[in-house]
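Chain by chain, the residues run as shown.
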Amino acid sequence: MKLPDNWTQFKKNMLEKIKMYCNSNIWPFPYSNVTAWLGNFDDPIEEYLALQILDSLIVRTSETAKASYSSLFNSRLRQTLIEEGLINDMPIAEWKTHLKTGSLSRVIQFSPVRNHNDEGESGSTVFRMLSEELHTDIYSSLGNKYDPRAIVLIDDIIGSGTQFVTNFSKSFDLVRKLETKKIIYCPLIAFEEGIEKIKSEFPDICIMPAEYIYKSDSIFYGNENDLFRNDKINTIGDAKIVFDSMREKYWPSIRINDWYGYKSACLPVVFEWGCPNQAPRLLWWQSLNENVTWHQLFSRRS
């Protein structure tokens with residue numbers, strides 16, 4: 001991999017853009033964290049690749065999450081419940097009041113996606129964010145004393161879909177519930193491969209994300225000989241060689257498949273509350289060795 005002719009200007013532009021993002025809370029992280037993380041790399045080629053990865057990031061804050069769910073609840077979710085005959089066709093203002101007061105708890109339950117006996121899961125984190133517009137105490141599985149006809153599942157991301165299929169579906173008794181209830185899975189973001197896996201196992205579940213992410217969003221998506229992102233001279237293969245060499249240089253103990261994120265998805269997704277496991281480890285890795293100086297960029301979500 002070679003540094004492009006405009007490397008100096010590219011770096012300047014990227015740092016100015018990132019600083020603006022951080023200062024305006026588009027990225028809810030201190031700018032100093034970013035510059036400290038970039039300081040980990042002692043090779044300009046590594047720094048260039050790191051900046052390209054930063055340029056690909058899809059960052060979602062708590063505020064954008066709440067706005068996305070507000071739009072989802074007041075449009076597609078409301079319309080689906082009306083079409084299924086679960087609620088009356090009511091004005092949006094009335095619907096919002098029902099959400100805030102919990103007065104539809106006889107019909108609807110809202111539940112975070114979390115593993116059994118684990119209160120720190122990201123689904124619960126997102127669920128708590130919705131308390132301004134949703135009476136989470138009454139609508140939750142613990143607070144709802146009725147037997148609702150519809151259950152809306154809340155989560156931050158559908159990644160591979162594996163944890164949902166192998167763990168959550170069993171603890172939630174999903175197969176039995178699907179026989180008598182409308183189950184609507186509403187993650188903040190859904191990866192197309194995860195949707196396919198879940199639908200192949202549970203075709204009757206309705207998956208309704210606020211936002212979709214695709215294979216083409218992966219950092220190194222494409223053929224090895226395709227140009228890498230906006231680079232005019234380096235290929236995806238060139239970039240992967242450098243990326244792999246960074247693992248060998250800094251973290252040789254990490255398996256190559258884990259280096260690219262779970263199942264090598266390499267999704268450039270970052271939440272204010274941490275990175276999902278489909279994100280590359282470079283973004284969230286933290287050294288536990290006191291003799292190794294490494295500045296962590298983002299946290300790893302629960």
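The following paragraphs examine the structure supplied in this document. (Residues numbered from 1 in each chain as written. Predicted model: local features only at pLDDT ≥ 70, side-chain atom pairs only at ≥ 80, totals over all residues. Heavy atoms only, no water.)

Observations regarding the overall build of the chain
Thought 1: Looking only at helices and strands, the chain features 12 helices and seven strands.
Thought 2: Here the chain has a C-alpha radius of gyration of 21 Å; the compact-globule value for 302 residues is 19 Å, and the two agree.
Thought 3: Within the span of the chain, comprising 302 residues, buried residues form 52% of the whole.
Thought 4: Sequence separation of at least 24 residues holds for 66% of the intrachain contacts in the chain that already meet a minimum separation of 6.
Thought 5: As displayed, the chain has an accessible area near 14,600 Å², and 46% of this comes from carbon and sulfur atoms. (Helix = DSSP H or I, 4+ residues; strand = E, 2+ residues; numbered from the N terminus. Rg over C-alpha atoms; globule rule 2.2 N^0.38 Å. Buried < 20%, exposed > 50% of the residue type's maximum accessible area, 1.4 Å probe, protein only. Contact = heavy atoms within 4.5 Å. Areas by Shrake-Rupley, 256 points an atom, 1.4 Å probe, with all protein chains shown as cover.)

Digging into the packing of aromatic side chains
Thought 1: Under the definition given, this model contains 27 aromatic pairs.
Thought 2: Taking the centre distance of 4.9 Å and the plane angle of 5° together, the rings of Phe271 and Trp273 count as stacked.
Thought 3: Taking the relative accessible area as the measure of exposure, Phe271 reaches 0% and is therefore buried.
Thought 4: Grouped by ring-pair contacts, the aromatic residues Trp37, Phe41, Phe220, Phe228, Phe243, Tyr250, Trp251, Trp259, Tyr260, Trp285 and Trp294 constitute a single cluster. (Phe/Tyr/Trp six-rings, centres within 6.5 Å; stacked < 30°, edge-to-face > 60°.)

Re the packing of helix α1 (residues 7-23) against helix α2 (residues 31-38)
Angle between the axes and distance between the axes: these two values describe a pair of packed helices.
Thought 1: Running from amino to carboxyl end, α1 crosses α2 at an angle of 145°, the nearest separation of the two axes being 9 Å. For the pair α1 and α2, the contacting residues are Leu15, Ile18, Lys19 and Cys22 in the first and Tyr31, Val34 and Leu38 in the second. (Axes fitted to C-alpha atoms, helices over the stretch in contact; angles between N-to-C directions.)

Some words on the packing of helix α8 (residues 162-171) against helix α10 (residues 192-201)
Thought 1: Relative to each other, α8 and α10 sit at 40°, their axes nearing to 8 Å. By the angle class used here, α8 and α10 are oblique. The segment α8 lies against α10, with Thr162, Phe164 and Val165 engaging Lys197, Ile198 and Glu201.
Thought 2: In terms of residue class, the contact of α8 with α10 is made up of three nonpolar, one polar and two charged. (Parallel < 35°, antiparallel > 145°, perpendicular 65-115°, else oblique. Nonpolar A, V, L, I, M, F, W, Y, C, P; charged D, E, K, R; others polar.)

Quick look at the pattern of salt bridges
Thought 1: Counted according to the given criterion, the structure contains 16 salt bridges.
Thought 2: Ionic pairing is found between Lys66 and Glu63, a salt bridge with its closest N-O pair at 3.0 Å. Residue Lys66 and its partner Glu63 are both found in helix α4 (residues 62-83); the two are separated by three residues, about one turn of the helix.
Thought 3: Between Glu84 and Lys182 there is a salt bridge whose closest N-O contact spans 3.4 Å. You can see Glu84 sitting in the loop between α4 and α5 (92-101) and its partner Lys182 sitting in strand β4 (residues 182-191), a full 98 residues away along the chain.
Thought 4: Beyond isolated ion pairs, a larger network of salt bridges with shared partners links Lys17, Asp55 and Arg229. (Salt bridge = Lys/Arg side-chain N within 4 Å of Asp/Glu carboxyl O.)

Considering unusual backbone geometry
Thought 1: One non-glycine residue with positive phi stands out, namely Asn25, at about 70°.
Thought 2: Mapped onto the fold, Asn25 is located in the loop between α1 and α2.
Thought 3: At Lys263, a position not held by glycine, the phi torsion is positive, near 55°.
Thought 4: For Lys263, the position within the fold is in the loop between α12 (256-259) and β7 (269-271).

Side note on α10
Thought 1: By the burial criterion, the buried members of α10 are Gly194, Ile195 and Ile198. Viewed end-on, α10 has its buried residues packed into an arc of 100°, placing them on one side of the element.
Thought 2: Its buried side turned inward, α10 meets β3 (150-158), α8, β4, β5 (206-207) and β6 (211-213). (Arc of directions from axis to C-beta.)

What about the nonpolar core?
Thought 1: Of all hydrophobic cores here, the largest spans 44 residues; its most connected members are Trp37, Leu49, Leu51, Leu54, Phe220, Leu282 and Leu283.
Thought 2: Secondary-structure elements contributing two or more residues to this core are α1, α2, α3 (44-55) and α11 (236-250).
Thought 3: Tallying contributions element by element places α3 first for this core, with seven residues.
Thought 4: Once you skip the residues sitting within four places of it in the chain, Leu283 turns out to touch Ile53, Leu57, Val270, Cys275, Leu297 and Phe298.
Thought 5: Residues Val107, Met129, Tyr139 and Val269 belong to the second largest nonpolar core, which totals 40 residues. (Core = buried A, V, L, I, M, F, W, Y, C linked by side-chain atoms within 4.5 Å.)

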